Amino acid sequence: MNYIKLEEAGKRYLSHRFSLAIEKQDFLVISGENGSGKTTLLMMILGFIRPDVGTIEKRKLKMGYVPEKVVLPPFIPVMEYLLTMARIKKDTLDPHMLSALDLPLDKSIHQLSKGNQQKIALISACMGKPHLLVLDEPLSGLDEEMKEQVVELLKRRHHMGTSILVSTHEPERFLHVATKHLRL
Amino acid sequence: MMILFEKIVFSPKKRVVFSILMASMMSVMIIIPLRASAWDPSYADLTLISDQKMIAHLLSLIMVFLTTWIVMDLEHPLIVTLNAYFGFWRIHLSKLIFLLMWIVMLYLPLSLIQNGIILFLTGRMPTIDVFNIALHDIFDAFLISTFAHPLAKSKHPSLALLFPILYTILRTITSNDFSMKLYTIFPAFQQEIIHYELAIAYKLCYISLGLLLISHFLKRRPPF
């Protein structure tokens with residue numbers, strides 16, 4: 001069952017045309033050089049931009065999204081932010097995820113490093129049982145140990161039935177779990 | 001959803017700015033009727049009418065700026081990413097409801113306090129058509145922020161402030177005749193229009209046009 005299907009979809013400013021299908025329980029890794037169109041492809045999949053050429057067929061999906069540059073409201077304590085996100089997505093906090101990512105829950109978001117903010121964005125994207133998780137460079141700004149943790153968490157999510165789409169410069173970290181690899 | 005919007009729009013710093021603005025408006029509202037009551041009683045009513053109009057004018061300008069500010073904040077990247085989960089239309093509708101709710105919540109208490117203070121301090125009933133002015137001001141704020149919204153989504157969101165600035169200039173310096181002509185092109189800026197029955201309907205048509213413009217931009221513009 002296709003969640004999303006792209007046929008020769010692209011933008012005028014890109015030389016690439018994308019043809020791919022994302023199905024239930026897919027773990028798709030997209031890699032490529034800077035400027036190859038990874039983020040544009042994600043934007044088209046998310047529905048944020050429309051292709052100038054080609055077509056996109058999409059089912060009505062709940063998608064969790066972690067952008068490359070995470071911007072969170074700065075003056076909210078981490079726990080309060082996560083509880084708010086859980087409330088609006090009608091979900092609860094996943095204690096396994098919270099303990100694995102080791103976040104300082106009592107601090108305010110503006111006091112956290114880029115890596116920790118990235119983790120918060122990942123936790124909120126996973127809330128509400130999304131059909132598809134779309135992650136743009138989820139490992140940037142994380143240390144080695146945390147990169148492993150994030151890959152493990154995504155693997156666990158994938159086993160729980162969520163489809164995952166990752167755009168990354170480090171595809172080798174995901175290749176053991178990926179069901180498809182698209183190199184641009 | 002509203003809780004998240006509130007946390008983003010009313011951050012601690014902005015709460016301080018909002019509170020200062022509110023406190024300043026209230027001080028003006030208290031001082032002006034007191035000053036009017038000290039006048040010769042035969043002129044007090046006239047002074048009161050002109051002062052009330054001045055306060056209403058000031059209030060409408062502040063409201064337009066505040067609502068544009070809220071509209072700009074509602075384009076926070078976090079809210080944009082939520083489009084992927086909830087869908088564009090649900091997020092957009094929630095933003096509209098949030099905006100309308102806050103326009104009313106900010107305007108009505110100030111307007112009620114203004115008239116309550118006049119009644120309490122001078123013993124006179126407010127002499128201007130308070131309800132009608134409030135209705136027009138709320139629609140003005142909504143109209144301006146609706147048209148400012150596509151600019152708030154652009155690469156230079158501060159351009160959205162052009163609308164309230166233009167509103168302030170036109171509303172402050174244009175003559176009645178000229179602003180009446182302007183009203184036919186863009187239905188804001190005109191206080192005398194409250195005497196016309198179709199004025200609100202005309203404004204509603206323009207608000208709908210603004211909303212259509214937004215939906216057009218929603219389809220075509222990238223969110224970042």
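From a predicted model like this one, the values you see are computed outputs, not experimental measurements.

**Description of the pattern of salt bridges**
Residue and element names in this part refer to chain A.
Part 1 of the reasoning: The full count for this structure, using the stated rule, is 19 salt bridges over all chains.
Part 2 of the reasoning: For Asp91, the salt bridge identified is with Lys129, shortest N-O distance 3.8 Å. Here Asp91, found in the loop between helix H2 (78-88) and helix H3 (95-101), pairs with Lys129, found in the loop between helix H4 (114-126) and strand S6 (132-136); they are 38 residues apart in sequence, far enough to count as distant.
Part 3 of the reasoning: The class for Lys129 is exposed, based on a relative accessible area of 63%.

**Quick word on the nonpolar core**
Part 1 of the reasoning: With 96 residues, the main nonpolar core has Tyr81(A), Leu82(A), Ile120(A), Leu154(A), Phe174(A) and Ile70(B) as its most contacted residues.
Part 2 of the reasoning: Membership of the second largest hydrophobic core comes to 26 residues, among which are Leu14(A), Leu20(A), Ile30(A) and Met63(A).

**Remarks on the interface of chain A and chain B**
Part 1 of the reasoning: Each partner contributes to the interface: chain A provides 26 residues, whereas chain B provides 23 residues.
Part 2 of the reasoning: Interface of chain A and chain B: buried area, both sides summed, is about 2100 Å²; carbon and sulfur atoms make up 73% of it.
Part 3 of the reasoning: Of all residues in chain A, Phe48(A), Phe75(A) and Ile88(A) bury the most surface against chain B, accounting for 29% of the area lost on that side.
Part 4 of the reasoning: For the interface between chain A and chain B, the tally reads 1 salt bridge.
Part 5 of the reasoning: We note a salt bridge from Glu80(A) to Lys7(B), for which the minimum N-O separation is 2.6 Å.
Part 6 of the reasoning: For the pair chain A and chain B, the interface holds 4 residue pairs in polar contact (both at pLDDT 80 or more).
Part 7 of the reasoning: Elements with a minimum of two residues in the side of chain A that touches chain B: helix H1 (38-46), strand S5 (63-66) and H2 of chain A.
Part 8 of the reasoning: Among the elements that line the side of chain A that touches chain B, the one with the most residues is H2(A), at 6 residues.
Part 9 of the reasoning: Along the lines of polarity and charge, the residues of the side of chain A that touches chain B split into 18 nonpolar, 3 polar and 5 charged.

**Here we look at the packing of aromatic side chains**
Each aromatic ring pair is summarised here by two numbers: the centre-to-centre distance and the angle between the ring planes.
Part 1 of the reasoning: For the coordinates displayed, the defined rule picks out 13 aromatic pairs over all chains.
Part 2 of the reasoning: When the ring of Phe27(A) is compared with that of Phe174(A), the centres are 6.1 Å apart and the planes differ by 40 degrees; the resulting orientation is tilted. Residue Phe27(A) is found in strand S3 (residues 27-31), and its partner Phe174(A) is found in the loop between strand S7 (163-168) and strand S8 (180-183); the two are separated by 147 residues along the sequence. Just as Phe27(A) is buried, Phe174(A) falls in that class too.
Part 3 of the reasoning: Relative to Phe186(B), the ring of Phe147(B) lies with its centre 5.2 Å away and its plane at 80 degrees, an arrangement referred to as edge-to-face. Residue Phe147(B) is located in helix H6 (residues 130-152), and its partner Phe186(B) is located in the loop between helix H8 (176-185) and helix H9 (199-220); the two are separated by 39 residues in the primary sequence.
Part 4 of the reasoning: Given the relative accessible area of 15%, Phe186(B) is considered buried.
Part 5 of the reasoning: An aromatic cluster is defined as three or more aromatic residues linked by ring pairs; in this entry it consists of Phe5(B), Phe10(B), Phe18(B), Trp69(B), Phe98(B) and Trp102(B).
Part 6 of the reasoning: Positioned above the aromatic ring of Tyr85(B) is the side chain of Lys89(A), whose terminal nitrogen or guanidinium carbon lies 4.6 Å from the ring centre.

**Section: a nonpolar patch on the surface**
All names here are of chain B.
Part 1 of the reasoning: Taken together, the side chains of Phe65, Ile165, Ile169 and Ile173 make up a nonpolar region of the molecular surface, amounting to roughly 360 Å² of accessible area.
Part 2 of the reasoning: Tallying contributions element by element places helix H7 (residues 162-173) first for the nonpolar patch, with 3 residues.
Part 3 of the reasoning: Within the element layout of this structure, Phe65 appears in helix H3 (residues 41-73).
Part 4 of the reasoning: Judged by its relative accessible area of 31%, Phe65 falls in the partly exposed class.

**Things to note about the confidence of the model for chain B**
Residue and element names in this part refer to chain B.
Part 1 of the reasoning: When pLDDT is averaged across chain B, the result is 79; 84% of the residues are at 70 or more.
Part 2 of the reasoning: Considering each helix and strand of chain B separately, the mean pLDDT is smallest for H8, with a value of 76, and largest for helix H4 (residues 77-86), with 89.
Part 3 of the reasoning: Among the scores for the predicted complex, ipTM is 0.88 and pTM is 0.83.

Procedures and definitions
Residues numbered from 1 in each chain as written. Chains lettered and ligands numbered in written order. Predicted model: local features only at pLDDT ≥ 70, side-chain atom pairs only at ≥ 80, totals over all residues. Heavy atoms only, no water. Salt bridge = Lys/Arg side-chain N within 4 Å of Asp/Glu carboxyl O. Helix = DSSP H or I, 4+ residues; strand = E, 2+ residues; numbered from the N terminus. Buried < 20%, exposed > 50% of the residue type's maximum accessible area, 1.4 Å probe, protein only. Core = buried A, V, L, I, M, F, W, Y, C linked by side-chain atoms within 4.5 Å. Contact = heavy atoms within 4.5 Å. Buried area = accessible area lost by both parts, 1.4 Å probe. Polar contact = N/O pair within 3.5 Å; in protein donor to acceptor, adjacent residues only side chain to side chain. Nonpolar A, V, L, I, M, F, W, Y, C, P; charged D, E, K, R; others polar. Phe/Tyr/Trp six-rings, centres within 6.5 Å; stacked < 30°, edge-to-face > 60°. Lys NZ or Arg CZ within 6 Å of the ring centre and 35° of its normal. Patch = residues over 30% accessible without salt bridge, like charges linked within 9 Å, V, L, I, M, F, W, Y side chains within 5 Å. Areas by Shrake-Rupley, 256 points an atom, 1.4 Å probe, with all protein chains shown as cover. pLDDT = per-residue confidence, 0-100.

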